[in-house]
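Structural characterization, general
These are the residues of each chain, in order.
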Amino acid sequence: MEVDNGEKRIPKWPRLDVYIPDQQVRRRIKLAAIKRYMRVSQYCLEAILERLEEDEILEKETPEVAQEGEEETTVEELRNWQEMVKTKLGGRPLPDSADLLSRLREERTREIADLC
């Protein structure tokens, strides 16, 4: 929305420009927004807010590094943290990061090949 102050139109909301040089990514964002019946800006805002929420949760839950002499307490804290994460995942183990990275690399390779 914009407000007309008589001289020029001033955006009511602050802007944040995001440059996406990859046309394929831009296309994927537009398609995802369309599937949800949303504007691209609204889709991006929701995605950013979701990611910020995840990051803030991780910041709050990440255990601190142990100082000398605190190793036993830290091991216990790590086990408690591990149980909390497992509970949040509904008892499912964390996905295998090597498998996830491999799949993401394959996907990236296919996307790059499609651009050529």
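Bear in mind that the values here come from a model prediction, so they are computed numbers and not experimental data. (Residues numbered from 1 in each chain as written. Predicted model: local features only at pLDDT ≥ 70, side-chain atom pairs only at ≥ 80, totals over all residues. Heavy atoms only, no water.)

**Some points on the overall build of the chain**
Each helix and strand in the chain was counted, giving four helices and two strands. When the helices and strands of the chain are read in sequence order from the N terminus, they spell out β-β-α-α-α-α. Looking at the 116 residues of the chain, the share that counts as buried comes to 5%. Sequence-distant contacts, at least 24 apart, represent 16% of the contacts inside the chain between residues at least 6 apart. In the structure as shown, the chain presents an accessible area of about 11,200 Å², 54% of it carried by carbon and sulfur atoms. (Helix = DSSP H or I, 4+ residues; strand = E, 2+ residues; numbered from the N terminus. Buried < 20%, exposed > 50% of the residue type's maximum accessible area, 1.4 Å probe, protein only. Contact = heavy atoms within 4.5 Å. Areas by Shrake-Rupley, 256 points an atom, 1.4 Å probe, with all protein chains shown as cover.)

**Here we look at the environment of Lys-86**
With respect to the element layout, Lys-86 can be found in helix 3 (residues 71-88). On the basis of relative accessible area, Lys-86 is assigned to the partly exposed category, the value being 39%. Filtering out sequence-adjacent residues up to four positions away, Lys-86 remains in contact with Gly-91 and Arg-92.

**A short note on a negative patch on the surface**
Negative charge collects at one region of the surface, where Glu-46, Glu-50, Glu-53, Glu-54, Glu-56 and Glu-59 lie side by side. Tracing the backbone shows Glu-53 in helix 2 (residues 40-61). (Patch = residues over 30% accessible without salt bridge, like charges linked within 9 Å, V, L, I, M, F, W, Y side chains within 5 Å. Salt bridge = Lys/Arg side-chain N within 4 Å of Asp/Glu carboxyl O. Lys, Arg positive; Asp, Glu negative; His and termini not counted. Charge placed at Lys NZ, Arg CZ, Asp CG, Glu CD.)

**Observations regarding the confidence of the model for the chain**
On average, residues of the chain score 79 in pLDDT, and 78% of them reach the 70 mark or higher. For the chain, the element scoring lowest by mean pLDDT is strand 1 (residues 2-4), at 49; helix 1 (residues 23-35) scores highest, at 92. (pLDDT = per-residue confidence, 0-100.)

**A short note on the pattern of salt bridges**
If the charged atoms of two oppositely charged side chains come close together, the side chains can form a pair. Within the structure shown, the criterion is met by five salt bridges. One salt bridge connects Arg-28 with Glu-107, and the closest N-O pair in it is separated by 3.8 Å. On the criterion of sequence distance, the pair formed by Arg-28 in helix 1 and Glu-107 in helix 4 (residues 97-115) is long-range, its members being 79 residues apart. Classification of Glu-107 by relative accessible area gives partly exposed; the value is 32%.

**Overview of a nonpolar patch on the surface**
There is a patch of nonpolar side chains on the surface, built from Leu-16, Val-18, Leu-45, Ile-48, Leu-49 and Leu-52 and spanning about 570 Å² of accessible area. Note that Leu-49 resides in helix 2. Relative accessible area serves as the criterion here: at 48%, Leu-49 is assigned to the partly exposed category.

**A few points about helix 1**
For helix 1, with 13 residues, the first-to-last C-alpha span of 18 Å sits near the 18 Å given by 1.5 Å per residue. Of all the residues in helix 1, the buried ones are Ile-29, Ala-32 and Ala-33. Take helix 1 and look down its axis: the buried residues cluster within an arc of 100°, on one side only. Exposed residues on helix 1 whose side chains face more than 90 degrees from its buried face are Gln-23, Ile-34 and Lys-35. Where helix 1 begins, one side-chain oxygen reaches toward the backbone nitrogen of Gln-24, 2.9 Å away; that side chain belongs to Asp-22. Of the residues one or two after helix 1, Tyr-37 is the one with positive phi, at around 55°. (Expected span 1.5 Å × (residues − 1). Arc of directions from axis to C-beta. Polar contact = N/O pair within 3.5 Å; in protein donor to acceptor, adjacent residues only side chain to side chain.)

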